[in-house]
Amino acid sequence: MQAPAHDRNALPRISRFAWLMGLYGENFHRLTRMFQPQSLPAGRYVSRVPGGLALVVDVLEQHAYTVELRLSYQLQDAQTGQPDPSAYVRLYRDARQAEVTHCYVGRHWQDVLGLRPSVQAMLSHRLRMNSFLNKWLDYLDSQGHGPHTLSGLEPEPAGEKNVACA
């Protein structure tokens, strides 16, 4: 038996776009509470907790209204030698939003979805990436990562430096 129309519409439905914007806001709050990247100079940092993997926080660039960073473990993909898993994040200070731009070196949305993806495909891809970050940040928080566990790391030798994708 189907519920009457007025019962089905009692709660407002949230659009996928609104859900994505909510994830951006939640990711911003988690990131800024846990690592305060907006106050860190560009550089490499590591967060260590007892019994957990070391998390590397690379602050790639500090701009007037944005911070670009990468989160990764000190694990490397066997084929590429790049950090895996990793998430490249753009933090918007003024809008109080943080979005994952891509999750793997050389794998921008164009590489995954093609040059002319549908709006639905692009939205689904962004939802997946940002949901991944949200769950990862929740896990890191439960492990005890925070500003008190973060310390600076020496830069990698020039020949081994990972280059961030634009």
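Here the structure is a predicted model, which is why all the values come from computation and not from measurement. (Residues numbered from 1 in each chain as written. Predicted model: local features only at pLDDT ≥ 70, side-chain atom pairs only at ≥ 80, totals over all residues. Heavy atoms only, no water.)

Visitor: Help me out: how do you make sense of the packing of helix H2 (residues 16-34) against helix H4 (residues 119-143) in this one?
Guide: When two helices pack together, their arrangement is captured by the angle between the axes and the distance separating the axes. Between H2 and H4, the least distance of the axes is 9 Å, while the angle of their chain directions is 30 degrees. Between H2 and H4, the interaxial angle falls into the category roughly parallel. Here H2 runs over H4; the crossing is left-handed. (Axes fitted to C-alpha atoms, helices over the stretch in contact; angles between N-to-C directions. Helix = DSSP H or I, 4+ residues; strand = E, 2+ residues; numbered from the N terminus. Parallel < 35°, antiparallel > 145°, perpendicular 65-115°, else oblique. Left-handed = near helix turned anticlockwise from the far one by under 90°.)

Visitor: Please explain the environment of His29 as it appears in this structure.
Guide: In this structure, His29 sits in helix H2. Placed 69 residues apart in sequence, His29 and Ala98 show a C-alpha to C-alpha distance of 8.4 Å.

Visitor: Just to check I follow, could you spell out the pattern of salt bridges for this structure?
Guide: A side chain with one charge can pair with a side chain of the opposite charge if their charged atoms come near. Throughout the structure, instances matching the rule amount to 8 salt bridges. Ionic pairing is found between Arg90 and Glu99, a salt bridge with its closest N-O pair at 3.9 Å. When its relative accessible area of 22% is taken as the criterion, Arg90 is described as partly exposed. Judged by relative accessible area, Glu99 falls into the buried class, the value being 10%. One connected set of salt bridges, linked through shared partners, spans Glu68, Arg90, Glu99 and Arg126. (Salt bridge = Lys/Arg side-chain N within 4 Å of Asp/Glu carboxyl O. Buried < 20%, exposed > 50% of the residue type's maximum accessible area, 1.4 Å probe, protein only.)

Visitor: Honestly, the sheet that holds strand S5 (residues 97-102) in this entry has me stumped. Any pointers?
Guide: The strands that make up a sheet are held in pairs by hydrogen bonds between backbone atoms, and each pair lies either parallel or antiparallel. The 6 strands are arranged S5-S4-S3-S2-S1-S6 in an open sheet whose pairing can be described as antiparallel. A single partner strand is all that each edge strand has here, and the edge strands are S5 and strand S6 (150-152). Across the sheet, the axes of successive neighbouring strands diverge by a mean angle of 30 degrees, strand direction being ignored. Sheet contacts for H2: strand S3 (66-73), strand S4 (86-92) and S5; angle to S5, the most-contacted strand, approximately 100 degrees. (Pairing = 2+ DSSP bridges. Contact = heavy atoms within 4.5 Å.)

Visitor: Explain the nonpolar core to me, please; I cannot follow it from the model alone.
Guide: Generally speaking, a soluble globular protein has its nonpolar side chains buried in company with each other. Ranked by internal contacts, the top residues of the largest apolar core, which has 24 residues, are Leu31, Val57, Leu71 and Val89. Counting only elements with at least two residues in this core, the list comes to H2, strand S2 (55-62), S3, S4, S5 and H4. Looking at which element gives the most residues to this core, the answer is H4, with 5 residues. Discounting residues that sit within four places of it in the chain, Leu31 has contacts with Gln36, Pro37, Leu69, Leu71, Val89, Leu91, Ala98 and Leu137. Within the second largest apolar cluster, 5 residues are counted, among which are Leu20, Tyr24, Leu123 and Leu127. (Core = buried A, V, L, I, M, F, W, Y, C linked by side-chain atoms within 4.5 Å.)

Visitor: I would appreciate a short explanation of the pairing of S3 in the present structure.
Guide: Walk down a regular strand and you will see the side chains alternate between the two sheet faces. By the criterion of burial, S3 is predominantly enclosed, with 7 of the 8 residues buried. Where S2 and S3 come together, 7 bridges link them in antiparallel fashion. Within S3, the position partnered with Asp58 by the bridge is Arg70. Taken together, S2 and the strand that follows it, S3, pair antiparallel across an intervening segment of 3 residues. Examined bridge by bridge, S3 and S4 share 7 bridges and lie antiparallel to one another. In the strand pairing of S4, Ser72 is matched with Ser86.

Visitor: For this particular structure, what's the right way to read the pairing of S5?
Guide: Counting buried positions along S5 gives 6 out of 6 residues, so the element sits mostly inside the fold. In this structure, S4 lies alongside S5, joined through 5 bridges in antiparallel fashion. Counterpart to Leu91 in the pairing with S5 is Ala98. Between S4 and S5, which pair antiparallel in sequence order, lie 4 residues; one of them, Arg96, sits at a positive phi of approximately 55 degrees.

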